[in-house]
Amino acid sequence: MIYLVTGSLNLFTSNLYKIISAEESIKMMNDWNIIQFDTETKGVDAHISPVLCAQFGNKKADTQIVVDTTTINLKLYKEILEKKLVLGQNLYFDLQFLYNYGIVCRNVYDTMIVEQLLYLGYPPVTKGGPSFSLAAISDRRLNIYMDKSVRGQIIWRGLDDDVIKYAANDVVYLEDIMWSQINDCRIKQCMKAAKMECDFVPVLAYCSWCGIKLDVDVWKNKMKQDEDTLNTMINDLNKFVIDTGDNKFITIDRQGDLFNGFDVTPKSKVTWSKPGIKAPKGNKNIMMQFIKSLGFDITTLDKKTKDEKESIDIKALNKQKGINDKFLKLYKNYSEAYKVVSTYGITYFNAINPITGRIHTSFKQIAADTGRIACGNGEGDNIKINPDLAKLKGFPLKTNDTSKKCGYPNIQTLPADDLTRKSFVSETGNIFCSCDWSAIESRLGADIYQEQSMIDEFIHGSGDMHSLVAWNVFRKQCKDCGCESVADVKSKASEWRKKAKPVEFSQMFGGSAEAIRNSMGCPIEEAQKYADEYNNGFKGIAKYKDKGSKFVRKNGYILLNPITGHKTYWWDHDKWVEEQKSFTSEFWDNYRSKHKGVKDDPIAKMVRVHFQAASKWDRKALNSVTQGTGAICLKTAARRFFNWIIDNGYFNIVKIVDFVHDEICIEYPESLSSTSKELENIMEDTASIFCKSLPIPAEAACGHYWIH
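Summary of the structure given here. (Residues numbered from 1 in each chain as written. Predicted model: local features only at pLDDT ≥ 70, side-chain atom pairs only at ≥ 80, totals over all residues. Heavy atoms only, no water.)

**Re the overall build of the protein**
Then, in step 1: Looking only at helices and strands, the protein features 29 helices and 21 strands.
Then, in step 2: Over its C-alpha trace the protein gives a radius of gyration of 29 Å, about what one expects of a compact globule, namely 27 Å for 708 residues.
Then, in step 3: Over its C-alpha atoms, taken along the principal directions, the protein stretches across nearly 85 × 75 × 65 Å.
Then, in step 4: The contacts of the protein with a sequence gap of at least 6 include a subset with a gap of at least 24, amounting to 67%.
Then, in step 5: Only carbon and sulfur atoms are counted for the fraction: they give 50% of the accessible area of the protein, which is about 33,400 Å².
Then, in step 6: Charge centroids of the protein, computed over 94 positive and 89 negative side chains, lie 3 Å from each other. (Helix = DSSP H or I, 4+ residues; strand = E, 2+ residues; numbered from the N terminus. Rg over C-alpha atoms; globule rule 2.2 N^0.38 Å. Contact = heavy atoms within 4.5 Å. Areas by Shrake-Rupley, 256 points an atom, 1.4 Å probe, with all protein chains shown as cover. Lys, Arg positive; Asp, Glu negative; His and termini not counted. Charge placed at Lys NZ, Arg CZ, Asp CG, Glu CD.)

Set out below in structure tokens:
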């Protein structure tokens, strides 16, 4: 049965529903334990777009209540929403609109988030993975088709019979989906993970709703500095081209100009644009020709098709150290400068909300197969916003004019330079605080792998992992520099400490000797020696790596954390197992005689892809557990801090403004000076739940801008 709550009684008469008062609807819901909840809005921005209606449903009562929020104040439902279990699909969106009414739901279940958890590790829908829309989940779990055609019409139709029916239908099947998911969670033993992820939904919604303040003047100075840096890099590259003396890439104007005279200064023919494969065709070719002329092999494998292609991306070229290191350094500097200018520019201005004066970006709670958070959506793709509002407010438009578009900017992977961080500030009278854990991934790794040398260094030494790796991998060289222990490496053998970093990073992330070779540009034999020394020096890591490899190959998933039960799934593991079974001695005889080394051979490609998949999951089996547990720590600590905010009446006073992997950024009044210490204590206490062998300190940096 559908009920409508509205203040415009004369406008609504229909056999589809019965009109009741707000008081009657609340009385009905008092008997409900679970509220299936959804909203229909006139846009995607909670600070600009009004709520058209809110719908409440209950499976047991077989009831849906649609509230016309254009005539009924949603705040009337504050108590009922805050004391019941609120069940919804993508509540991250709806909760931001509820925050405008001071309604804070902390007991929630999100069907989209739990579905994403159950398919953690699967590819995105664009690459053949599952969709997490309500319609897709209903079809997959309940074999029910949901017609969503009305959704795109709501913005201009308003609240009519079809919209009311559509809205009510969105809160009919949520509980059925929930129980189906819970059954799977029990089978997969990830009930605690589902609870933890659902608990975090209101926190992430609060972070987006609070937003972060950008100092426009400082950002303009940053943009000018970035452009100057890029121009310097381009000039350096052009000088390099001219210095080669290669006439194929140099031009001289010998004809002159009637007014300007003659300028016979040699100039570069190479027009440097976006580094990599996507440069304009003609320019790409001359860039490629020049880089080829230096001796670089620009042939690489396409990550998607696994076929060969040509690429002048710095990542591909950086593997070829020793060919022309001077050019590599210049090209790397240019590539980095180009990325900064093209990514962190004017679009951030357009993202400033005209109502709040802050940037409210979009976060994805489960963005990676480790469960890490990500934010931003590039340059506005798939943004659904009223075009008229967009024009008036300067918000994202689907246009190639970058001065008029900015979707949801990335505020996580920002450059770490001082000017960029100084651009993000607190409001007048407030403090900006960024608090992060000290070396959380290394400390979690030491605990998870039970690597005693790392545990001892963190507890009894300086905690400098780079020095420890140098001592284990290059001990003779360090001793030759006068080092007697790990403590001496940083001051007496800094070059070997620096050289140890690529070994450390490749091995900590499950890489092979090939990864060391690519990073250091050394022969594979030398790289293998470093890998062996690392494994001999860190036996706990080596043992865990071997154990993790065997586990994921046998079971088809990685247990990210045994406390919560988070798992990431090798989604096509069954296919891999069947291929593995087919690799008989007869297959290998045939492979070696007819297929091995044959270009574009489908059997050779299948074998290559098969073993690449195994290597990838071997690496993930080591690295994913630390990243996954780190993400769990962050979400748990943030939820506890959010509870502290709400319990103490600091809603919209103490703001959560950003999450950056192991860092929580907040803003609070100067009068609440103990807030940073509260956050530190919560983060350290949370880490102790997941790391038993050693502490993970948290340190807050406080000021009027983003200091870390």
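We are not done yet, so read on.
**Digging into empty space enclosed by the protein**
In this approach a probe as big as a water molecule rolls over the atoms, and the regions it shows empty are the leftover space.
Then, in step 1: Tallying each qualifying case throughout the model produces two cavities of 30 Å³ or more.
Then, in step 2: Size it by volume and the second largest cavity reaches roughly 40 Å³.
Then, in step 3: Where the lining of the second largest cavity is concerned, the elements lending two or more residues are helix H19 (465-473) and helix H22 (494-508).
Then, in step 4: Across the lining of the second largest cavity, the residue classes break down as six nonpolar, one polar and one charged. (1 Å grid on protein atoms, 1.4 Å probe; cavity = no way out; pocket = protein on both sides within 12 Å on 5 of 7 lines; lining within 4 Å. Points joined across faces, edges and corners; volume = space filled by probe spheres on them. Nonpolar A, V, L, I, M, F, W, Y, C, P; charged D, E, K, R; others polar.)

**Some remarks on the sheet that holds strand E20 (residues 663-669)**
Then, in step 1: One open sheet holds the four strands; their spatial order is E19-E20-E16-E21, and the pairing between them is antiparallel. Of all strands in the sheet, those with a lone pairing partner are strand E19 (655-659) and strand E21 (698-703), marking the two edges. The average angle at which neighbouring strand axes cross in this sheet is 25°, direction not considered.
Then, in step 2: Where E19 and E20 come together, four bridges link them in antiparallel fashion. Across the sheet, the residue bridging to Lys655 is Glu667, located in E20. (Pairing = 2+ DSSP bridges. Axes fitted to C-alpha atoms, helices over the stretch in contact; angles between N-to-C directions.)

**Here's the deal with the environment of Leu16**
Then, in step 1: With respect to the helices, strands and loops of the structure, Leu16 is situated in the loop between strand E1 (2-5) and strand E2 (18-20).
Then, in step 2: In this structure, Leu16 is in contact with Ile2 and Asp161, ignoring residues within four places of it in sequence.

**A few points about the environment of Ile137**
Then, in step 1: In this structure, Ile137 sits in helix H5 (residues 134-142).
Then, in step 2: Along the chain, Ile137 and Phe432 lie 295 residues apart, while their C-alpha atoms are 40 Å from each other.
Then, in step 3: The contact partners of Ile137, leaving out residues within four places of it in the chain, are Gln89, Thr111, Met112, Glu115, Ser131, Phe132, Leu142, Ile177 and Gln181.

**Considerations on the layout of surface pockets**
Then, in step 1: Taken as a whole, the second largest pocket encloses approximately 660 Å³ of empty space.
Then, in step 2: What lines the second largest pocket is a set of 20 residues, among which Arg372, Glu441, Phe505, Phe509 and Gln627 lie closest to the centre.
Then, in step 3: Mapped onto the lining of the second largest pocket, the elements with two or more residues apiece are helix H17 (440-449), H22 and helix H28 (602-647).
Then, in step 4: Among the elements that make up the lining of the second largest pocket, the one with the highest residue count is H28 (six residues).
Then, in step 5: Taken together, the residues of the lining of the second largest pocket sort by class into 10 nonpolar, six polar and four charged.

**Topic: helix H7 (residues 161-169)**
Residues three or four positions apart in an α-helix share a direction because the helix packs 3.6 residues into each turn.
Then, in step 1: Looking at H7, one finds that the buried residues are Val163, Ile164, Tyr166, Ala167 and Ala168.
Then, in step 2: Two or three places before Asp162, at the start of H7, stands the capping residue Asp160, its side-chain oxygen 3.2 Å from that residue's backbone nitrogen. (Buried < 20%, exposed > 50% of the residue type's maximum accessible area, 1.4 Å probe, protein only. Polar contact = N/O pair within 3.5 Å; in protein donor to acceptor, adjacent residues only side chain to side chain.)

**Section: the sheet that holds strand E4 (residues 51-58)**
Then, in step 1: In spatial order, the strands read E2-E1-E5-E4-E3-E6-E7; together these seven strands make up an open sheet with mixed pairing. The sheet is open, and its two edges are formed by E2 and strand E7 (108-110), each paired on a single side. Pairwise comparison of adjacent strand axes, ignoring direction, gives a mean angle of 25° for this sheet.
Then, in step 2: As defined by bridge partners, strand E3 (residues 34-41) adjoins E4 across six bridges and the pair is classed as antiparallel. Bridge pairing in E4 links Gln36 to Gly57.
Then, in step 3: The strands touched by helix H4 (residues 111-118) within the sheet are strand E6 (85-88) and E7, with E7 carrying the most contacts at an inclination of about 55°.

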